[in-house]
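The residues making up each chain are set out below.
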Amino acid sequence: MQTMPAHAAHHDDREIETLEEFDATVSARGTLAGHRVQAVDLTDRTRELLGTDTAGAVFLGCAMREEAAAKVRADGALVFPPVPDLPFDPYRGHVYAPDELFASLADGYEATPDAQAYAWFQRTKADRDIYASMLRSVHDDSVSDALDELLSGARVVGVMGGHAMARGTQEYAGAARLGRELARAGFTVATGGGPGAMEAANLGAYAAPFGDDMLTESLELLAKAPRFTPSITQWATAAFEIRGRWPQGGRSVGIPTWFYGHEPPNAFASHIAKYFANATREDGLLARSNAGVVFLPGAAGTVQEIFDNATPNYYESRGEPTPMVLVNRAHWTEKLPTWPLLRSLARGRSMEARIALVDRIEEAPEALKRLGG
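Starting from 1, residues in each chain are numbered consecutively following that chain's sequence as written. Given that this is a predicted model, residues contribute local features only at a pLDDT of at least 70 and side-chain atom pairs are listed and counted only at 80 or more, while totals for whole chains, interfaces and linings are drawn from all residues. Calculation of side-chain values draws on the structure's entire complement of heavy atoms; hydrogens and water are dropped beforehand.

Draft legend 1. The arrangement of the overall build of the chain in detail. Scanning the chain from terminus to terminus reveals 15 helices and 11 strands. We take the radius of gyration over the C-alpha atoms and set the globule estimate at 2.2 Å times the residue count to the 0.38 power. For the chain, the C-alpha radius of gyration of 22 Å lies close to 21 Å, the compact-globule estimate for 373 residues. Its C-alpha atoms put the chain at 65 × 50 × 45 Å along the principal axes. In this scheme, a residue with accessible area under 20% of its type's maximum is buried, one over 50% is exposed, and one in between is partly exposed, where area comes from a 1.4 Å probe on protein chains only. Here the chain holds 373 residues, and the buried ones make up 53% of them. In this analysis, two residues are considered to be in contact whenever any of their non-hydrogen atoms come within 4.5 Å of each other. Of the contacts made within the chain by residues no fewer than 6 positions apart, 63% connect residues no fewer than 24 positions apart. Accessible surface for the chain amounts to roughly 16100 Å². Of this, 52% is attributable to carbon and sulfur atoms. Secondary structure elements are defined from DSSP: runs of H or I of at least 4 residues count as helices, runs of E of at least 2 residues count as strands, and each element is numbered from the N terminus. All accessible-area figures derive from a Shrake-Rupley calculation using a 1.4 Å probe, and residue coverage is judged against the displayed protein chains alone.

Right, dumping it as structure tokens:
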């Protein structure tokens, strides 16, 4: 079952993001004029670069030998060289995979590229260095571009909910079943990419191709490391053990941020679009949830997401309003009475037919289908 298009050839055909694409373009077109080459190691392509027209090309973070760099500059190409000593590649052509962010987890979470990128962020944020803030912006823009390519043609459902939901609880199991059902219905599940409800929904999508007992067993195994505190290492290791036991799970997307550095990304999202800027990440997650959003019980962050999603639906600034399903009547009408306000906002507008409040998580997929028409 495929719930996401395979990595897309949907990007602008002047964009080159792999060595294979580079070689194919040079042999088929005989020119790189006007092309964008992104984060490709061209150290062993000096002959091709010396013999090919690169006028108006842009090389973003591509390693190349000095004579090749001098020649393409003389052609009129722009060369943005790789940035040394950074724990991330600002020009990357693809979103992250869990194995990439959690490399070296065996030596403890602090040793991983994810933790190192956060440490760099903390250091440079305090310095207010214009160069560092530019690198963060370039990175986030590259990630957005890669995410658009990845999700081209996909029907994306966002699942929002708090990070506090512990493994081993009924709520966590419910969120996992929701993710599984959405994935089995052909949707691409997208979450904020962190722990708690977000991890549960990504786990559910990962479990979609397997028999039902896989999820039951996984939930039991994960319950032994219920939270990402006190040890992110133990919490993440438990997830990778499940991925090792049941490889090749279903695909889904996590969209986390280093802004909340205490909160690691979860390893069940097959594709992780991690951002430095939380505002870019929040808006990007909701804007890409083109088939609707399910809101599980959460606190301030989830309330903010509800209204971040409601505003473009209210003004129809992104076109037709998309479905919004709030789960848990008591939570959204009494504890944090968001639903009455949402309903009042929607009254008399086309978004009125696109919002629903359900009591149980099991009712969410049906409500989503109903609202989606």
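Next, the rest of the story.
Draft legend 2. Looking closely at the nonpolar core. Within this scheme, the nonpolar core is defined by two criteria: the residues are buried Ala, Val, Leu, Ile, Met, Phe, Trp, Tyr or Cys, and they are joined through side-chain atoms within 4.5 Å. Ranked by internal contacts, the top residues of the largest apolar core, which has 53 residues, are Leu178, Leu182, Leu203, Val294, Leu296, Val325 and Val327. Taken together, the elements giving at least two residues each to this core come down to strand E5 (156-160), helix H7 (170-184), helix H8 (197-207), helix H9 (212-222), helix H10 (232-245), strand E10 (324-327), strand E11 (355-358) and helix H15 (364-372). If we ignore the near neighbours within four places in the chain, the residues touching leucine 182 are Val157, Val159, Phe187, Val189, Pro365 and Leu368. Within the second largest apolar cluster, 44 residues are counted, among which are Val156, Ala273, Phe295 and Trp339.

Draft legend 3. Summary view of the sheet that holds strand E2 (residues 36-38). Across the sheet, which stays open at both edges, the 4 strands sit in the order E1-E2-E3-E4 with parallel pairing between neighbours. Strands at the two margins of the open sheet, each flanked by one partner only, are strand E1 (15-16) and strand E4 (78-80). Strand pairing is assigned whenever DSSP detects at least two bridges linking the two strands. Inspection of the sheet shows E2 paired to strand E3 (residues 58-60) by 3 bridges, in the parallel sense. Counted as the bridge partner of valine 37 is phenylalanine 59 from E3.

Draft legend 4. Molecular detail of the pattern of salt bridges. Any carboxyl oxygen of Asp or Glu that lies within 4 Å of a side-chain nitrogen of Lys or Arg is treated as forming a salt bridge with it. Taken as a whole and judged by the stated rule, the model has 19 salt bridges. The partner of arginine 245 in a salt bridge is glutamate 217, and the shortest N-O contact between them spans 2.8 Å. A residue pair is termed long-range when its members are at least 10 positions apart, and arginine 245 in helix H10 and glutamate 217 in helix H9 qualify at 28 residues. Through salt bridges with shared partners, a single ionic network connects Arg177, Arg360, Glu362 and Glu363.

Draft legend 5. Local environment of a nonpolar patch on the surface. Residues qualify for a patch when their relative accessible area is over 30% and they have no salt bridge, like charges being joined within 9 Å and the nonpolar side chains of Val, Leu, Ile, Met, Phe, Trp and Tyr within 5 Å. On the surface, Ile130, Tyr131 and Met134 cluster together into a nonpolar patch covering about 350 Å² of accessible area. A relative accessible area of 67% means that isoleucine 130 is categorised as exposed.

Draft legend 6. H8, seen in detail. Here H8 lies mainly inside the structure; 11 of its 11 residues are buried. Among all positions of H8, only Ala197, Met198, Glu199, Ala200, Ala201, Asn202, Leu203, Gly204, Ala205, Tyr206 and Ala207 are buried.

Draft legend 7. View of the side chain of glutamate 305. Along the chain, glutamate 305 turns up in helix H12 (residues 300-315). Charged residues are defined here as Lys and Arg on the positive side and Asp and Glu on the negative side; His and the ends of the chain fall outside this count. Despite its burial, glutamate 305 remains without a salt bridge, the nearest opposite charge being carried by arginine 281 at 5.2 Å.

Draft legend 8. Examining H7 more closely. Expected helix span is taken as 1.5 Å per residue step, with the number of steps being one fewer than the number of residues. Between its terminal C-alpha atoms H7 stretches 21 Å, which fits the 21 Å expected from 15 residues at 1.5 Å a residue. Listing the buried residues of H7 in full gives Tyr172, Ala173, Gly174, Ala175, Ala176, Leu178, Gly179, Arg180, Leu182 and Ala183. For H7, the secondary structure elements touched by its buried residues are E5, strand E6 (188-191), H8, H9, strand E9 (293-295) and H15.

Draft legend 9. Spotlight on the layout of surface pockets. For the largest pocket, the calculated volume is near 780 Å³. Any residue with an atom within 4 Å of a point lines the site, the site being either a cavity, points on a 1 Å grid over the protein atoms alone where a 1.4 Å probe fits but cannot get out, or a pocket, an open set with protein on both sides within 12 Å along at least 5 of 7 lines. In this structure, the largest pocket is lined by 36 residues; those nearest its centre are Gly161, Gly162, Pro297, Gly298 and Thr302. Top contributing element to the lining of the largest pocket by residue count: H12, with 5 residues. Grid points are joined across faces, edges and corners, and a volume is the space filled by probe spheres set on the points. Taken as a whole, the second largest pocket encloses approximately 160 Å³ of empty space. Lining the second largest pocket, in full, are Glu15, Arg36, Gln38, Leu60, Tyr91, Val138, Asp141, Ser142 and Asp145. The element that contributes the greatest number of residues to the lining of the second largest pocket is helix H6 (residues 130-151), accounting for 4 residues. When residues are sorted by character, Ala, Val, Leu, Ile, Met, Phe, Trp, Tyr, Cys and Pro go into the nonpolar class, Asp, Glu, Lys and Arg into the charged class, and all the rest, Gly among them, into the polar class. In terms of residue class, the lining of the second largest pocket is made up of 3 nonpolar, 2 polar and 4 charged.

Draft legend 10. Molecular detail of the environment of leucine 19. Secondary-structure assignment places leucine 19 in helix H1 (residues 19-29). The class of leucine 19 is partly exposed, set by a relative accessible area of 27%. Counting along the chain gives 22 residues from leucine 19 to aspartate 41, while the straight-line C-alpha distance between them is 7.4 Å. With residues up to four places along the chain from it excluded, the contact list for leucine 19 reads Val40, Asp41, Leu42 and Arg45.

Draft legend 11. Main features of the pairing of E10. Where burial is concerned, the two faces of E10 agree: the one with Met324 and Leu326 and the one with Val325 and Val327 are both buried. Strand direction decides the pairing type here: E9 and E10, joined by 3 bridges, are parallel. Each bridged residue has a counterpart across the sheet, and for phenylalanine 295 the counterpart in E10 is leucine 326. With H12 bridging E9 and the parallel E10, this β-α-β connection has right-handed handedness. Direction of pairing for E10 relative to E11: parallel, over a ladder of 4 bridges. Bridge pairing links valine 327 to valine 358 in E11. Clockwise travel from the first strand over the helix to the second, with the strands pointing away from the viewer, marks a crossover as right-handed.

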